[in-house]
Amino acid sequence: MPETYDIVILGGGPSGLTAGMYASRALIKTILLEKLTPGGQIALTDRVENYPGFPDGINGYDIAQLMEKQAKKFGLEIANTEAKKIEKDGDNFIIKTDSAQYQSRSVIISTGAMPRTLGLSGEVKFTGRGISYCGTCDAPFFKGKEVIVVGGGDTAVEEGLYLTRFAGKVTLVHRRDKLRATPIIQQRAFANQKMRFIWNSTAESILGTDKITGLKIKDVKTGAFKELPGDGIFVFIGYIPNTGFIKELINLDKTGYIITDGEMQTSVKGIFACGDVIRKSLRQLVTACGEGAVAAVNAQHYIEEIKNHHPT
Ligand code: NAP
C-alpha cells in the first residue's frame, strides 16, 4: 500500500514551498515532491528587489533556501523525486513517480515552467557550452567576452544587465522595436554603457562548429541577414509550463497553463495549482507565494469536507 498523505505538493518553487509551510503549520500530513533541489526559477535569479520586507533586495538562491528552511521547520516532508502521473482513486489521488506511489486526499500542483528554446539547429549541442538559459548560472564564464541575449521581456533585460557585470559587451536582440520589460528595468538597460540593442530581428542560426562564434539574425522589416559576433548566446524568450503529465486530467489553456479559479481550484475537485504553472497575469515571487498559501488553505477546507462526508 502506498503511504497516505492529506496533501501531496508537486514542485518545490516558492509557491510549492509556501503551500508546504502553510499546510505543515496547520498540522496537515503533507509531502512535497521535487525532482531537483527546492527553489525553482527564483533560485536562479541574482537579485529580487520587489519582494516586500527586503528594502535592499535579496539574492534569489538565498530567499529560496530560507523558504525551504521555514517550511521544514513546521515539519514539511520533502522527497527528491518527480511525479509522472496523477490518477483519481475514489476520494483519493494516486501520484506515481518512476519508483514509488503516494496516496493523497488532495494535490497541489506547483511544477512551474521551463525556459522556451529557440528551436535552432545546434541549440541542444551547445547548451551549457555557449548557449544558456540562466545568466546567474553561466555569466561568470563570459568574463570580458561578448555575449548575445535574445528576448525583450523582464527576464531578458534583467539577465542582460546582470551579464554586463562580467561580459565586455552585451547585445540584446529583440523581434520588435519595443521591449516588453518593465520601464524601470528598461531605463537601467538603456543607461548601461555595455548594452546595445538590435531591434526587429529574429535569431536564424547559431554560428560556430566546435564553439559558438556568433548568431545569424534577420531584420524582419528589410529581410536582411546579419552575422553578430559573440562567444555566448543567452536565450530568454519566455517559459513553457510543466503540465505534460496532467494534460489528460486537468483543464489547461491553449498554451498549456493550468486554469484555476480564485481559490486555486483546478477543473478536478481536490487538485489545486499555484505559481508559474497556472494561467495568470502577474508572474512574480509575491504572487506565487500568495497563491501557494491560498491553495494550501483551500486544500485543507476540501480535506475537512471529504472527511466529514466519509469519516474513517
Ligand atoms: P515574457 O514576458 O513572456 O517575454 C518573452 C520575451 O521573449 C518577449 O519579449 C517576446 O517578444 C520574446 N519572444 C517570445 N518568443 C520568442 C521567439 N520565438 N523568438 C524571439 N523572441 C521571442 O517572458 P519573461 O521575460 O521570461 O517573463 C516571464 C514572466 O515573469 C513575466 O510575467 C515577467 O513580468 C515576469 N518576470 C518578472 C521579473 C521582475 O518583476 N523582476 C523578472 C523576470 C520575470 P514580444 O515582446 O514580441 O512578445
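Residues numbered from 1 in each chain as written. Predicted model: local features only at pLDDT ≥ 70, side-chain atom pairs only at ≥ 80, totals over all residues. Heavy atoms only, no water.

Scanning the chain from terminus to terminus reveals seven helices and 17 strands. Taking 312 residues into account, the globule formula puts the C-alpha radius of gyration at 20 Å, and the chain, at 21 Å, falls close to it. Dimensions of the chain along its principal axes, counting C-alpha atoms only, are 70 × 40 × 30 Å. Counting all 312 residues of the chain, 51% fall into the buried class. The contacts of the chain with a sequence gap of at least 6 include a subset with a gap of at least 24, amounting to 58%. Accessible area of the chain: about 15500 Å², with a carbon and sulfur share of 51%. Charge-centre separation for the chain: the mean point of 38 positive side chains lies 5 Å from the mean point of 34 negative side chains. (Helix = DSSP H or I, 4+ residues; strand = E, 2+ residues; numbered from the N terminus. Rg over C-alpha atoms; globule rule 2.2 N^0.38 Å. Buried < 20%, exposed > 50% of the residue type's maximum accessible area, 1.4 Å probe, protein only. Contact = heavy atoms within 4.5 Å. Areas by Shrake-Rupley, 256 points an atom, 1.4 Å probe, with all protein chains shown as cover. Lys, Arg positive; Asp, Glu negative; His and termini not counted. Charge placed at Lys NZ, Arg CZ, Asp CG, Glu CD.)

Bringing the site of the ligand into the picture now. Looking at the ligand, there are 17 residues lining it, with Asp154, Thr155, Arg176, Arg180 and Gln284 nearest. Thr155 is positioned with one of its side-chain polar atoms (N or O) 2.7 Å from an oxygen atom of the ligand. Surface burial for the ligand is 75%, taken as the share of its 910 Å² of free accessible area covered by protein chains. Element by element, the count of residues in the shell around the ligand is highest for helix α5 (residues 154-163), at three residues. No fewer than three residues from each of domain 1 (4-114 + 239-309) and domain 2 (117-235) sit in the shell around the ligand. (Near = heavy atom within 4 Å. Polar contact = N/O pair within 3.5 Å; in protein donor to acceptor, adjacent residues only side chain to side chain. Domains from an automatic or database assignment.)

Turning to the state of the cysteines, a few remarks are in order. Enumeration according to the criterion identifies one disulfide in this entry. Here Cys134 connects covalently by a disulfide to Cys137, the sulfurs 2.1 Å from one another. The S-S bond linking Cys134 to Cys137 shows a torsion near 75°; that makes this disulfide right-handed. With no disulfide of its own, Cys289 lies 9.7 Å from the sulfur of Cys274, the closest cysteine sulfur. (Disulfide = S-S within 2.5 Å.)

With that out of the way, let us pick up the domain arrangement of the chain. Splitting the chain by domain gives domain 1 (4-114 + 239-309) and domain 2 (117-235). Contacts between domain 1 and domain 2 engage five residues on the former and seven residues on the latter. For the pair domain 1 and domain 2, the summed buried area comes to about 550 Å², and 42% of that belongs to carbon and sulfur atoms. On the domain 1 side of the contact with domain 2, Leu44, Asp46 and Glu49 bury the most area, a combined 69% of that side's loss. Inspection of the domain 1/domain 2 interface yields two salt bridges. Applying the counting criterion to the domain 1 and domain 2 interface returns four residue pairs in polar contact (both at pLDDT 80 or more). (Buried area = accessible area lost by both parts, 1.4 Å probe. Salt bridge = Lys/Arg side-chain N within 4 Å of Asp/Glu carboxyl O.)

Now for the sheet that holds strand β9 (residues 146-150). Hydrogen bonds between backbone atoms are what pair the strands of a sheet, whose relative direction is either parallel or antiparallel. One open sheet holds the five strands; their spatial order is β8-β15-β9-β10-β11, and the pairing between them is parallel. This sheet does not close on itself; its edge strands, each paired only once, are β8 (131-132) and β11 (195-198). Direction of pairing for β8 relative to strand β15 (residues 232-235): parallel, over a ladder of two bridges. Note that in β15 the partner of Ile131 across the bridge is Ile233. In the packing of α5 onto the sheet, contacts are made with β9, β10 (169-173), β11 and β15, and the angle to β9 comes to roughly 170°. (Pairing = 2+ DSSP bridges. Axes fitted to C-alpha atoms, helices over the stretch in contact; angles between N-to-C directions.)

Here strand β2 (residues 30-33) shows a buried face lined by Thr30 and Leu32 and a second buried face lined by Ile31 and Leu33. With four bridges connecting them, strand β1 (residues 3-10) and β2 associate as parallel partners. What sits directly across from Ile9, in β2, is Leu32. For the crossover that starts at β1, traverses helix α1 (residues 14-25) and ends in the parallel β2, the hand is right-handed. Of the pairings in the sheet, the one linking β2 to strand β3 (residues 77-79) comprises three bridges and is parallel in character. Bridging from a neighbouring strand, Ile31 pairs with Glu77 of β3. Between the parallel pair β2 and β3, the chain is carried across by helix α2 (residues 60-73), and the sense of this crossover is right-handed. (Right-handed = clockwise from strand over helix to strand, strands pointing away.)

On to α2. With 14 residues, α2 should reach 20 Å at 1.5 Å per residue; the first-to-last C-alpha distance of 20 Å fits that figure. Looking at α2, one finds that the buried residues are Gly60, Ile63, Ala64, Met67, Glu68 and Ala71. All buried residues of α2 fall inside an arc of 140° around its axis, so they share one side. Opposite the buried face of α2, at more than 90 degrees from it, the exposed residues are Lys69 and Lys73. Where α2 is buried, its residues meet α1, β3 and α7 (285-309). In the segment just after α2, Gly75 is the residue with positive phi, at about 100°. (Expected span 1.5 Å × (residues − 1). Arc of directions from axis to C-beta.)

Once that is clear, we can look at the nonpolar core. Counting 51 residues, the largest nonpolar core has Leu10, Leu33, Ile86, Ile95, Ile108 and Ile109 as the members making the most contacts within it. Of all the secondary structure elements, the ones that give two or more residues to this core are β1, α1, β2, α2, β5 (92-96), β6 (101-109), β17 (271-273) and α7. In terms of residues, this core owes the most to one element, α7, which gives eight residues. Once you skip the residues sitting within four places of it in the chain, Leu10 turns out to touch Leu33, Ala83, Ile86, Ile95, Val107, Ile108, Ile109, Ser110, Thr111 and Phe245. One finds Val149, Tyr162, Phe166 and Phe197 within the second-largest nonpolar core, a separate group that totals 21 residues. (Core = buried A, V, L, I, M, F, W, Y, C linked by side-chain atoms within 4.5 Å.)

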